[in-house]
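An overview of the molecular structure
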Amino acid sequence: MTRTDWTPVADNTSPWPHSPVKVGLVGAGPWARGVHAPVLAAGPETELTAVWARRPEAARETAEPYGAVAVSRFEELLDRCEAVAFAVPPDVQADLAGRAAKAGKALLLEKPIGLDVPSARRLVDTIEEAGVVSQVVLTNRYHPVAQEFLRAARDIEVSGARSAGLSGAFLGGDFATPWRLEHGALLDIGPHVLDLLDAAVGPVVRVRGTGDPRRWIELTCEHESGAVSQASLSGSVDVDPGIMRVELFGPRPGLVYDSADLDHDECWPVLRQAFATAVRTGVSGELDARRGLYLQELIAQAAAGVQG
């Protein structure tokens with residue numbers, strides 16, 4: 001398996017030149033129903049063929065609107081697809097994705113890719129041994145506005161940056177799930193913010209964290225360039241809509257990425273086409289499982305200074 005650093009951009013002006021990638025979906029929760037299933041079924045680059053979940057009734061409810069099959073066993077899902085998308089807790093994902101990779105299936109992974117660094121590293125090792133394509137759903141990176149922000153960031157000198165990833169997801173509702181409530185914002189929101197800071201300011205060489213991941217934590221990142229960035233993370237504050245913001249500062253006017261007024265549906269055609277292109281070419285993009293492992297290692301650094 002090879003890897004390239006191209007930036008995924010949806011090309012809606014030309015017809016998709018390949019057959020649709022047959023994708024099986026693992027999971028039938030709110031994210032699977034609201035994002036993965038409709039995005040993968042929309043095509044033309046992908047076709048949702050099967051859904052498997054712990055609750056058979058939920059799998060049927062997720063599959064039927066798109067003409068997909070709800071299967072009773074994970075192995076049956078593997079038999080019906082060439083790629084597998086995951087919308088399950090990170091510990092479940094790491095185990096099942098490893099099995100799918102060994103079966104030769106391309107992987108569309110959620111962040112974090114595992115519950116901890118050892119499980120993430122095992123998954124990456126398995127993916128690379130199997131030689132399959134992988135891609136991580138780091139949502140912001142597929143939005144055209146974020147991509148333009150990162151392109152512009154390459155052309156300026158950055159002395160420092162500040163960022164925030166804040167929401168009320170842990171206060172109740174569909175995303176107040178057990179793993180998020182247990183591990184908090186560092187594991188859930190941290191990958192998004194650290195990925196943007198690393199991409200905008202340059203490689204992070206050291207990160208320190210302080211606070212409580214279930215309430216509010218602060219990260220200080222030292223970058224290879226000598227710049228320093230800071231991030232505020234929380235899933236337990238009453239903000240609506242949630243905040244995802246990165247500000248870059250330097251000797252010239254800075255740049256700001258703010259997702260508040262963005263239409264997040266613009267992400268999904270870009271993500272779908274990038275994944276299908278990776279599968280059909282056999283070449284993973286920048287946002288692959290190894291990128292997910294790198295972010296997980298940064299999170300582990302930060303966690304050393306964070307309350308349990």
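Residues numbered from 1 in each chain as written. Predicted model: local features only at pLDDT ≥ 70, side-chain atom pairs only at ≥ 80, totals over all residues. Heavy atoms only, no water.

What follows covers the nonpolar core. One recurring pattern in soluble globular proteins: nonpolar side chains tend to sit buried together. V26, L77, F86, L109, L219 and L248 are the most contacted members of the largest nonpolar core, which has 98 residues in total. Of all the elements, helix α10 (residues 267-281) adds the most residues to this core, at eight residues. Not counting residues up to four positions away in its chain, the partners in contact with L248 are F149, A153, I156, V158, G160, A161, A200, V201, G254 and L255. (Core = buried A, V, L, I, M, F, W, Y, C linked by side-chain atoms within 4.5 Å. Buried < 20%, exposed > 50% of the residue type's maximum accessible area, 1.4 Å probe, protein only. Helix = DSSP H or I, 4+ residues; strand = E, 2+ residues; numbered from the N terminus. Contact = heavy atoms within 4.5 Å.)

Turning next to the sheet that holds strand β8 (residues 160-166). In space, the six strands of this open sheet follow the order β9-β10-β11-β8-β12-β13, with mixed pairing throughout. With one partner strand each, in any of the chains shown, β9 (204-212) and β13 (255-258) form the two edges of the open sheet. Averaged over neighbouring strand pairs, the angle between their axes works out to 10° when direction is ignored. Where β9 lies against strand β10 (residues 216-223), eight bridges are found, and the strand directions are antiparallel. (Pairing = 2+ DSSP bridges. Axes fitted to C-alpha atoms, helices over the stretch in contact; angles between N-to-C directions.)

Going through the model one piece at a time under the given rule, you end up with four aromatic pairs. Consider the rings of F149 and Y257, whose centres lie 5.8 Å apart with planes at 35°: the pair is tilted. Residue F149 is found in helix α6 (residues 144-153), and its partner Y257 is found in strand β13; the two are separated by 108 residues along the sequence. Of the aromatic side chains, those joined through ring pairs into one cluster are W31, F175 and W268. (Phe/Tyr/Trp six-rings, centres within 6.5 Å; stacked < 30°, edge-to-face > 60°.)

Running from amino to carboxyl end, helix α9 (residues 190-201) crosses helix α11 (residues 289-303) at an angle of 105°, the nearest separation of the two axes being 10 Å. Viewed along their axes, α9 and α11 adopt a mutual orientation that is roughly perpendicular. Every residue of α11 that contacts α9 at G190, P191, L194, D195, D198 and A199 is listed here: R291, Y294, L295, L298 and I299. (Parallel < 35°, antiparallel > 145°, perpendicular 65-115°, else oblique.)

Side chains that carry opposite charge are capable of pairing whenever their charged atoms lie near each other. Within the structure shown, the criterion is met by 20 salt bridges. Ionic pairing is found between D188 and R180, a salt bridge with its closest N-O pair at 3.3 Å. With relative accessibility at 15%, the residue R180 sits in the buried group. The network of salt bridges with shared partners includes R141, D195, D198, E286 and R291. (Salt bridge = Lys/Arg side-chain N within 4 Å of Asp/Glu carboxyl O.)

Here we come to the sheet that holds strand β2 (residues 21-26). The strand order β4-β3-β2-β5-β6-β7 describes an open sheet built from six strands, whose pairing is parallel. In this open sheet, the two strands that pair with only one neighbour each are β4 (69-70) and β7 (134-136). One ladder, built from three bridges, connects strand β6 (residues 106-109) with β7; its direction is parallel. Bridging across to β7, L109 finds its partner in V136.

Bringing the pairing of β10 into the picture now. Between β9 and β10, which follow one another and run antiparallel, lie three residues. The antiparallel hairpin formed by β10 and strand β11 (residues 228-234) contains four residues in its connecting segment, where G226 sits at a positive phi of about 100°.

Further remarks concern α6. Along α6, the residues classified as buried are A146, Q147, F149, L150 and A153. Angular distribution of buried residues about the axis of α6 spans 160°; they occupy a single face of the element. On its buried face, α6 sits against α9, β12 (243-249), β13 and α10. (Arc of directions from axis to C-beta.)

With that out of the way, let us pick up the side chain of H223. Mapped onto the fold, H223 is located in strand β10. What H223 contacts, discounting residues up to four positions off in sequence, is L197, D198, V201, G202, P203, V204, V205, V228 and S229.

Attention now goes to the packing of helix α4 (residues 90-102) against helix α5 (residues 117-130). Remark: α4 packs on α5, axes separated minimally by 9 Å, with the N-to-C direction vectors making an angle of 10°. When the interaxial angle is binned, α4 and α5 end up roughly parallel. Two secondary-structure elements touch here, α4 through A94, A97, G98, A101 and K102 and α5 through S119, L123, T126, I127 and A130. When the residues that make up the contact of α4 with α5 are grouped by side-chain class, the tally is six nonpolar, three polar and one charged. (Nonpolar A, V, L, I, M, F, W, Y, C, P; charged D, E, K, R; others polar.)

It is worth spelling out the pairing of β11 at this point. The element β11 is largely enclosed, with a buried count of five among its seven residues. As judged from the seven bridges shared by β8 and β11, these two strands associate in the parallel manner. Each residue of the ladder has a partner; that of S163, found in β11, is A231.

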